[in-house]
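So the chains spell out like this:
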Amino acid sequence: MALDQPTPATTASVFFERREFQRILNLYGRMVSAGEWRDYAIDAQAEACSFSVFRKATEAPLYRIEKRPALAARQGAWSVIGQGGVILKRGHDLEQVLRVFDKGRFKVVD
């Protein structure tokens with residue numbers, strides 16, 4: 001390993017703050033009780049973290065709620081990404097980005 005490359009033990013991962021994570025879990029609970037979502041996964045990497053939601057655990061994620069701090073000054077750190085990698089909403093404020101899930105905006109069709 002080259003000296004200028006960080007070792008895995010020294011690289012810090014991006015993760016959600018407590019308030020952000022609580023807001024995402026509240027949305028997840030609401031969508032589970034509505035029967036829309038069934039499972040989730042959390043991924044933390046050096047440049048981003050994501051909260052992926054699934055209808056079934058064996059499928060690809062329906063949506064990914066992603067935090068990329070490097071984009072905070074430009075497009076906003078937050079994004080909601082749909083199936084196929086399509087960005088549904090992007091912004092600086094988590095609340096504003098999560099409005100894409102408001103009732104009546106759209107519905108997942110099997």
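Our structure is the block above this text.
The structure presented is a predicted model; accordingly, all values stated were derived computationally and were not measured.

J.: How should I be thinking about the overall build of the chain in this particular structure?
T.: In terms of helices and strands, the chain carries 2 helices and 5 strands. For the chain, the α and β elements follow one another from N to C terminus as α-β-β-β-β-β-α. Sorting the 110 residues of the chain into buried and exposed places 33% on the buried side. Once local pairs closer than 6 in sequence are excluded, the contacts in the chain between residues at least 24 apart make up 32%. As displayed, the chain has an accessible area near 7100 Å², and 51% of this comes from carbon and sulfur atoms.

J.: Help me understand the pairing of strand β5 (residues 87-91) in this model?
T.: Along a regular strand, successive side chains alternate from one face of the sheet to the other. The pairing of strand β4 (residues 78-82) with β5 spans 4 bridges and is antiparallel. Within β5, the residue paired with S79 across the bridge is R90. Once β4 ends, the chain turns through 4 residues before running back antiparallel as β5, passing G84 with a positive phi of about 80°.

J.: I tried to follow the pattern of salt bridges on my own but got confused; where do I start?
T.: Any two side chains of opposite charge can pair, given that their charged atoms come close. All told, the structure shown has 5 salt bridges when counted by the stated rule. A salt bridge links E36 to R55; the nearest nitrogen and oxygen atoms lie 3.8 Å apart. Taken together, the positions of E36 in the loop between α1 (18-33) and β1 (39-44) and R55 in the loop between β2 (49-54) and β3 (63-67) put the pair 19 residues apart, joining distant regions of the chain. Exposure class is identical for E36 and R55. Each is buried. Taking the shortest distance from any N to any O, the salt bridge between R68 and E66 comes out at 2.9 Å. Exposure remark for R68: the relative accessible area of 27% places this residue in the partly exposed category. The exposure class of E66 is buried, given its relative accessible area of 8%. Each member of the salt-bridge network shares a partner with another, and the members are R64, E66 and R68.

J.: Teacher, can you tell me more about α1 here?
T.: Turn by turn, an α-helix covers 3.6 residues, leaving residues three or four places apart pointing in a common direction. The end-to-end C-alpha separation of α1 is 22 Å, in line with the 22 Å expected for 16 residues at 1.5 Å each. What α1 keeps buried is the set E20, I24, L27, Y28 and M31. On an axial view of α1, the arc spanned by its buried residues comes to 100°, and they lie on one face. In this structure, α1 carries R18, R19 and S33 as exposed residues pointing more than 90 degrees from its buried face. In this fold, the buried residues of α1 make contact with β1, β2, β3, β4 and α2 (94-98). G35 lies just past α1 and shows a positive phi near 85°.

J.: So what exactly am I meant to see when it comes to the nonpolar core here?
T.: Within soluble globular proteins, side chains that are nonpolar generally end up buried alongside one another. By size, the foremost hydrophobic cluster in this structure holds 21 residues, and its most contacted members are I24, W37, I65, W78 and F101. Residue contributions to this core peak at 4 residues, all from α1. Residues in contact with W37, not counting those within four places in the same chain, are L27, Y28, M31, V32, V53, F54, L62, Y63 and F101.

Quick notes on the rules
Residues numbered from 1 in each chain as written. Predicted model: local features only at pLDDT ≥ 70, side-chain atom pairs only at ≥ 80, totals over all residues. Heavy atoms only, no water. Helix = DSSP H or I, 4+ residues; strand = E, 2+ residues; numbered from the N terminus. Buried < 20%, exposed > 50% of the residue type's maximum accessible area, 1.4 Å probe, protein only. Contact = heavy atoms within 4.5 Å. Areas by Shrake-Rupley, 256 points an atom, 1.4 Å probe, with all protein chains shown as cover. Pairing = 2+ DSSP bridges. Salt bridge = Lys/Arg side-chain N within 4 Å of Asp/Glu carboxyl O. Expected span 1.5 Å × (residues − 1). Arc of directions from axis to C-beta. Core = buried A, V, L, I, M, F, W, Y, C linked by side-chain atoms within 4.5 Å.

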